[in-house]
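Report on the structure
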Amino acid sequence: MAKEKKQYICKKCGSKFLTWYGQCPNCGEWNSLQQIFFSKKHSSIQSNRLNDLKISTPICSLDKNLPQEEVYFSTKIKEIDAFLGKGLVRGGVYLLGGEPGIGKSTWLLQLAGFLARKGLKTIYISGEESLAQVKSRANRLGIESENLYFFYSLSLEEIMSILKQGYDFAVVDSVQTITSSNLESVAGSPSQVREVTLELISLAKSSALCLFLVGHVTKDGTIAGPKLLEHMVDCVLYLEGDREHLFRILRVVKNRYGPADEVLILEMKTNGLEVVKDPATFFLQDGEKSFSGQALTLTLEGQKVLAVEVQALVNNSFLAMPRRVSQGIDQNRLNLLLAVIEKKIRINLKDKDVYVKIGGGLQIKEPGLDLALCAAVLSSFYDTSLPKGSVFWGEIDLNGQIRNVLGHDLRMRQAKRLGYAPIFAPSKALKSLEDMHKILFA
């Protein structure tokens, strides 16, 4: 009988150790090492196979004829093709992550159904929901096609045998639920996730199968399992948004076949997620009247410029420590900008409650929001509405100076296209926060 050897593997970074540690020496995570067993005989067999291995692919130089380039195929949806580059790639492996209930399975089922109606042989493999549940969702979304197949399994070997039957497009939902019989560890462990992903990638590359993998995310918002998982696949997508709002943002964070900084705005409707074709003013509230504490900004999401409303409320406080509440922006960032306003414009906010939020439920991290946020706070403080049609963008440093931000030309073109004026952006006439204060509230 083969002798089993014991190892410990970190759930977070995937590092292997021969002894147990309370804290992983590599990533510093506490209580993350998990015990696994593997056969010593199996390792010796693997080493013997390596000695007899023959190279099947010839070595090529740039002067010789290299293998054919990637084969793209269109989804027939112009926005999705532009979002991914030139469309989907045969043999490409895509990883989709997102919070539970955000709509990952819904969007992939819609995509699979659409490609099946175009004549592609498509299969949706579920490891979380039963076939009855998947079929119920497909009926609710109105998805019907003879080329769309469903399969439920938790075994990697079963899934591999099914995919070898010749499919053009496949979805595995999710990779954390699949297990390989070659390993003794539980489903979702780093060793299982890497083994399953490697086998599926190898099959996709050899059979020109376009494969989508669904990945769970941790409480920090990153895809569960070792970070190596994101390096193994060709494209990494994140589906973001608030389940209490109707919009979703599909973001590319890695793409070997196209741009890696694109976003796609989706809207949840009764028949599933639909692409917002012109999202420039999607997050604005309909209405012509402007109120105090409202400032419009143009924020950059990937290569798309979105018009977003920043709302602020400054009110007298009856607390010993006034409240500072923010939704959609970082709390520390709000505190920093309020300190700059007090210092440079010499107004007292120490006895004021300040509430700030981003309209539409967006989460914005880019620094171009600073100027609009300060304008909204000052507008609410003076209880004076900003000029109708005005738009603001620019980063504010600790000295109150307004700095230029990424995509200034893109924002300027979008502002002119949408007819916004006046434009408050970094320029010779607008260099500091004091300049904006004089222009608006003198």
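Calculation rules
- Residues numbered from 1 in each chain as written.
- Predicted model: local features only at pLDDT ≥ 70, side-chain atom pairs only at ≥ 80, totals over all residues.
- Heavy atoms only, no water.
- Patch = residues over 30% accessible without salt bridge, like charges linked within 9 Å, V, L, I, M, F, W, Y side chains within 5 Å.
- Areas by Shrake-Rupley, 256 points an atom, 1.4 Å probe, with all protein chains shown as cover.
- Salt bridge = Lys/Arg side-chain N within 4 Å of Asp/Glu carboxyl O.
- Helix = DSSP H or I, 4+ residues; strand = E, 2+ residues; numbered from the N terminus.
- Buried < 20%, exposed > 50% of the residue type's maximum accessible area, 1.4 Å probe, protein only.
- Contact = heavy atoms within 4.5 Å.
- Polar contact = N/O pair within 3.5 Å; in protein donor to acceptor, adjacent residues only side chain to side chain.
- pLDDT = per-residue confidence, 0-100.

So, a nonpolar patch on the surface
A surface patch of nonpolar side chains, amounting to about 250 Å² of accessible area, comprises Leu131, Tyr152 and Leu154. Checked against the element boundaries, Leu131 lands in helix 4 (residues 131-141).

Overview of the environment of Glu262
Along the chain, the position of Glu262 falls in the loop between strand 12 (247-255) and strand 13 (263-269). For Glu262, a relative accessible area of 13% corresponds to the buried category. Distance in space between the C-alpha atoms of Glu262 and Lys304 is 7.6 Å, their sequence separation being 42 residues. Non-local contacts of Glu262, meaning those with residues more than four positions away in its chain, are made with Phe83, Leu250, Arg251, Val252, Gly302, Gln303 and Lys304.

Description of the side chain of Ser32
Summarising the element assignment, Ser32 is placed in the loop between strand 2 (16-17) and strand 3 (33-39). By relative accessible area, which is 4% here, Ser32 ends up buried. At 3.4 Å, the side chain of Ser32 and the backbone oxygen of Glu29 are in polar contact. With sequence-adjacent residues up to four places away left out, Ser32 is seen in contact with Ile9, Cys10, Lys11 and Cys24.

Overview of the confidence of the model for the chain
Averaged over all residues, the pLDDT of the chain equals 87, while 89% of them reach at least 70. This model gives residues 42-47 a pLDDT under 50, and the stretch forms one contact once residues within four places in sequence are excluded.

Remarks on the pattern of salt bridges
Any two side chains of opposite charge can pair if their charged atoms end up close together. Summed over all chains, the structure comprises 12 salt bridges. Close ionic contact of Asp234 with Lys205 constitutes a salt bridge, the shortest N to O distance being 2.5 Å. Here Asp234 is found in the loop between helix 7 (228-232) and strand 11 (235-240), whereas its partner Lys205 is found in helix 6 (residues 190-207), with 29 residues between them in sequence. Look at Asp234 and you get buried, because its relative accessible area is 3%.

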